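Each chain, letter by letter, is given below.
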Amino acid sequence: MKPLAVSLAVLAAILAFSLWTGCYVRGRTEAWSDQLAATDELAQQERWEDAEAGLQRAYADWDAIQTFLHTLMEHDALDEAEALFATAFAACDEQDGPDFHAAIAQLNTQLHLLAETQAISVKNIL
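All residue numbers refer to position in the chain's written sequence, counted from 1. In keeping with the predicted nature of the model, local features appear solely for residues at pLDDT of at least 70, side-chain atom pairs appear and are counted solely at 80 or more, and the whole-chain, interface and lining totals rest on all residues. Hydrogens and water are ignored here; the side-chain numbers use all heavy atoms of the structure.

1. Quick look at the side chain of Asn108
Right, so step 1: Strands here are runs of E lasting at least two residues and helices are runs of H or I lasting at least four, both read from the DSSP assignment and numbered beginning at the N terminus. Structurally, Asn108 is set in helix α5 (residues 97-118).
Right, so step 2: Burial classes follow relative accessibility: with a 1.4 Å probe on protein chains only, a residue under 20% of its type's maximum area counts as buried, one over 50% as exposed, and anything between as partly exposed. Overall, Asn108 belongs to the buried group, its relative accessible area being 15%.
Right, so step 3: Among residues more than four places away in sequence, those in contact with Asn108 are Ser33 and Leu36. Residue contacts follow a heavy-atom distance rule, with two residues in contact if any of their heavy atoms lie within 4.5 Å.

This is how it looks when you write it as structure tokens:
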């Protein structure tokens, strides 16, 4: 009976951690999305210095949890988000509104896909 209890406790801990990481990543993604939306709005107003500062803050927030994310997620998906941040920085430096807006939209999509990979869903289980 004791081995069954230990096995069930381990499974419960794994489930709890999985649920927590899904919520955590979703919360972080929503925060990044809000930061990027504000940054995009600044760029549309031609406030490029403020847009760059906002993008820097979003990237610093993203970069702060990279070690944790690399333990959970596929590295190619994280690398794609990193490349999209670089694209957004380049468009911001050039003050290219359409390219910046497109890069921010692609980055938001990629970040939401990352959150989706951590969600508890039939698609992820199967």
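Moving on from the model shown.
2. Here we look at the environment of Ala83
Right, so step 1: Along the chain, Ala83 falls in helix α4 (residues 75-94).
Right, so step 2: Taking the C-alpha atoms as reference points, Ala83 and Glu30, separated by 53 residues in sequence, lie 19 Å from one another.

3. Brief notes about the pattern of salt bridges
Right, so step 1: Any Lys or Arg side-chain nitrogen located within 4 Å of an Asp or Glu carboxyl oxygen qualifies as a salt bridge. All told, the structure shown has two salt bridges when counted by the stated rule.
Right, so step 2: One salt bridge in this structure joins Arg47 and Asp50, with 2.9 Å as the shortest N-O distance.
Right, so step 3: Exposure remark for Arg47: the relative accessible area of 39% places this residue in the partly exposed category.

4. Quick word on the nonpolar core
Right, so step 1: With 28 residues, the main nonpolar core has Leu36, Leu55, Trp62, Leu69, Phe85, Phe100 and Leu111 as its most contacted residues.
Right, so step 2: For this core, the secondary-structure elements that each account for two or more residues are α1 (2-44), α2 (48-64), α4 and α5.
Right, so step 3: The element that contributes the greatest number of residues to this core is α4, accounting for eight residues.
Right, so step 4: Apart from the residues within four sequence positions on either side, Leu69 is in contact with Val25, Trp32, Trp62 and Leu78. Note on terminology: a nonpolar core comprises buried Ala, Val, Leu, Ile, Met, Phe, Trp, Tyr and Cys residues joined through side-chain atoms within 4.5 Å.

5. Topic: a nonpolar patch on the surface
Right, so step 1: Like-charged residues within 9 Å of one another, or nonpolar side chains (Val, Leu, Ile, Met, Phe, Trp, Tyr) within 5 Å, are grouped into patches, provided each residue has over 30% relative accessible area and no salt bridge. Here the accessible surface of atoms and residues is derived via Shrake-Rupley with a 1.4 Å probe, and residues count as covered only by protein chains that are part of the display. A cluster of nonpolar side chains, contributed by Met1, Leu4, Val6, Leu8, Val10, Leu11 and Ile14, occupies part of the molecular surface with about 740 Å² of accessible area.
Right, so step 2: Positionally, Val6 belongs in helix α1.

6. Section: the packing of aromatic side chains
Right, so step 1: The pairing test for Phe, Tyr and Trp rings, Trp by its six-membered ring, is centres within 6.5 Å, and the orientation test on the planes gives stacked under 30 degrees, edge-to-face over 60, and tilted for anything in between. Tallied over the entire structure, the rule returns nine aromatic pairs.
Right, so step 2: Both rings, one in Trp20 and one in Phe68, keep their centres 5.9 Å apart while their planes meet at 70°; by these two values the pair is edge-to-face. Note that Trp20 is positioned in helix α1 and Phe68 in helix α3 (residues 66-72), a separation of 48 residues in sequence.
Right, so step 3: Exposure remark for Trp20: the relative accessible area of 45% places this residue in the partly exposed category.
Right, so step 4: Taking relative accessible area as the criterion, Phe68 reaches 25% and is therefore assigned partly exposed.

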